[in-house]
Amino acid sequence: MSASQTSSSDVPTLLVKIFGKDRPGITAGLFDTLAAYSVDVVDIEQVVTRGRMVLCALVTEPPPGLEGDLRATVHSWAESMKMQAEIISGLGDNRPRGLGRSLVTVLGHPLTAEATAAVAARITKTGGNIDRIFRLAKYPVTAVEFAVSGVETEPLRTALAPDAAKLGIDVAVVAAGLYRRAQRLVVMDVDSTLIQDEVIELFAAHAGCEDEVAEVTAAAMRGELDFEQSLHARVALLEGLDASVVDKVRSEVRLTPGARTLIRTLKRLGYQVGVVSGGFTQVTDDLKERLGLDFAQANTLEIVDGRLTGKVTGEIVDRAGKARLLRRFAAEAGVPLSQTVAIGDGANDLDMLNAAGLGVAFNAKPVVREAAHTAVNFPFLDTVLYLLGITREEVEAADTVDTV
């Protein structure tokens, strides 16, 4: 049988493994050594952890009679570099990856060995194989990504969800593929997501009706009240407030930790970013200008003769409205809906989260966590970046360029 007819799985290969203290020149030195034996490179993988390197090279077998010399030379070179070498004979390339490929991102603060073991065991029980593990970040949380094959994304996500809740970690499962890096529109809720506050409660504090408004807000976010009815009821309590309170509320708004980093990084990587809110344009317009957002839509408080009338004007942004606006923003941005990311915390965000290509429940109510594609339960908004495969190093690199 000619070489062209020989199956690649039948071709003799050598797995050359080098390990020891990392230093410049190891990779070049190994392949310079192998080059003398006319071998071809089939696969390479290199990992450095705390200054220790593991370098694996899968190469074709050298010409007849030279394998023994190759082995001796590689071991001698490794010894001269104060490294260790191991060479294993075999046939062909790595085994093909199974159908169904997913990326499992695990967030922990800290990420314990117990949690890591539980995730790995669950992947195995679903029929999946871990092909690669990579750390995305060590700050503000530890984020690790598992590349998994052999099981479809949805069953894997379902299987891992209970473990995440029990172990106090966040686990996000998304389908692997180029589309993950192509998600170019991120739309988020404002109250208790982009910011730490509920804007209407800030207004209510100035009107002396904070407790009454907070009670209605909580019921609405739990899905116990119709949003539009609750909105009108709460806004009615603000009737008569001087319009100067708008500036005071704007100054009181507190961004969620990591919000600026999230937006700045996304913008520098070419994403478009928007917000939709059941709050008020009097605040979201200001946030849009301050943060350089591409889109912003919310309800508008009616102001007549310098005072709030207790009414809202224009299109109501409710649960269905948020999903509608996500679609509108995507169309304006020229981004397919499957390549959008939505982030929210309340029941009125659910339609938007389900409509997006990836819906992220951020420090959300239980009903939202259960229904969203994935959940983040750490108080740092920039952890969402890790779900998009963006590493902490890329975040820091983006900070070295000029401000957008």
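Residues numbered from 1 in each chain as written. Predicted model: local features only at pLDDT ≥ 70, side-chain atom pairs only at ≥ 80, totals over all residues. Heavy atoms only, no water.

Draft legend 1. Quick peek at the sheet that holds strand 7 (residues 142-149). With respect to topology, four strands assemble into an open sheet ordered 6-7-5-8, the strand pairing being antiparallel. The open sheet has two edge strands, strand 6 (129-137) and strand 8 (170-175), and neither has a second partner. The mean angle between the axes of side-by-side strands here comes to 20 degrees, regardless of whether they run parallel or antiparallel. Relative to strand 7, strand 6 runs antiparallel, the two being bridged by seven bridges. Following the sheet pairing, N129 is matched in strand 7 by S149. Most of the contacts of helix 3 (residues 113-125) go to strand 7, to which it runs at about 15 degrees, and overall it touches strand 5 (101-108), strand 6, strand 7 and strand 8. Sheet contacts for helix 4 (residues 153-167): strand 5, strand 7 and strand 8; angle to strand 8, the most-contacted strand, approximately 180 degrees. (Pairing = 2+ DSSP bridges. Helix = DSSP H or I, 4+ residues; strand = E, 2+ residues; numbered from the N terminus. Axes fitted to C-alpha atoms, helices over the stretch in contact; angles between N-to-C directions. Contact = heavy atoms within 4.5 Å.)

Draft legend 2. Looking closely at the layout of surface pockets. What the largest pocket holds in volume is close to 390 Å³. Along the wall of the largest pocket there are 19 residues; nearest its centre are A161, A164, R369, E370 and A375. Mapped by element, the contributors of at least two residues to the lining of the largest pocket are helix 4, strand 8, helix 14 (366-371) and strand 15 (374-376). Ranked by residues supplied to the lining of the largest pocket, first place goes to helix 4 with six residues. For the lining of the largest pocket, the class distribution of residues is 11 nonpolar, four polar and four charged. (1 Å grid on protein atoms, 1.4 Å probe; cavity = no way out; pocket = protein on both sides within 12 Å on 5 of 7 lines; lining within 4 Å. Points joined across faces, edges and corners; volume = space filled by probe spheres on them. Nonpolar A, V, L, I, M, F, W, Y, C, P; charged D, E, K, R; others polar.)

Draft legend 3. Summary view of helix 8 (residues 227-236). Within the sequence span of helix 8, burial applies to F227, S230, L231, R234 and V235. For helix 8, the buried positions fall inside an angular range of 125 degrees around the axis, keeping them on one side. (Buried < 20%, exposed > 50% of the residue type's maximum accessible area, 1.4 Å probe, protein only. Arc of directions from axis to C-beta.)

Draft legend 4. Representation of the side chain of R392. Secondary-structure assignment places R392 in helix 16 (residues 392-398). Within the structure, R392 has its side chain in polar contact with the side chain of D382 (distance 3.1 Å). Among the polar contacts made by the side chain of R392, one reaches the side chain of Y386 at a distance of 3.2 Å. Look past the residues within four positions of R392 in its chain and what remains in contact with it is L136, A137, Y139, P140, D382 and Y386. (Polar contact = N/O pair within 3.5 Å; in protein donor to acceptor, adjacent residues only side chain to side chain.)

Draft legend 5. Geometry of unusual backbone geometry. Note that the residue after H109, namely P110, is joined by a cis bond; omega there is 5 degrees. With an omega of 0 degrees, the peptide bond between Y139 and P140 qualifies as cis. Within the secondary structure layout, P140 lies in the loop between strand 6 and strand 7. With a phi angle near 65 degrees, S192 is a residue other than glycine that sits in the positive phi range. Its place among the elements puts S192 in the loop between strand 9 (185-188) and helix 6 (199-207).

Draft legend 6. Quick peek at the environment of G68. Summarising the element assignment, G68 is placed in helix 2 (residues 67-80). In the structure, G68 is positioned 102 residues away from D170 in sequence and 50 Å away in space, judged by C-alpha atoms.

Draft legend 7. Representation of the sheet that holds strand 9 in the model. The seven strands lie next to each other as 12-11-10-9-13-14-15, forming an open sheet whose pairing is mixed. Edge positions in the sheet fall to strand 12 (307-313) and strand 15, since each of these pairs with one other strand and no more. With direction set aside, neighbouring strand axes in the sheet form an average angle of 25 degrees. Bridge count between strand 9 and strand 10 (residues 272-280): four bridges; the pairing is parallel. Its bridge partner being in strand 10, M188 is matched across the sheet by V275. In the packing of helix 11 (residues 281-291) onto the sheet, contacts are made with strand 10 and strand 11 (295-304), and the angle to strand 11 comes to roughly 140 degrees.

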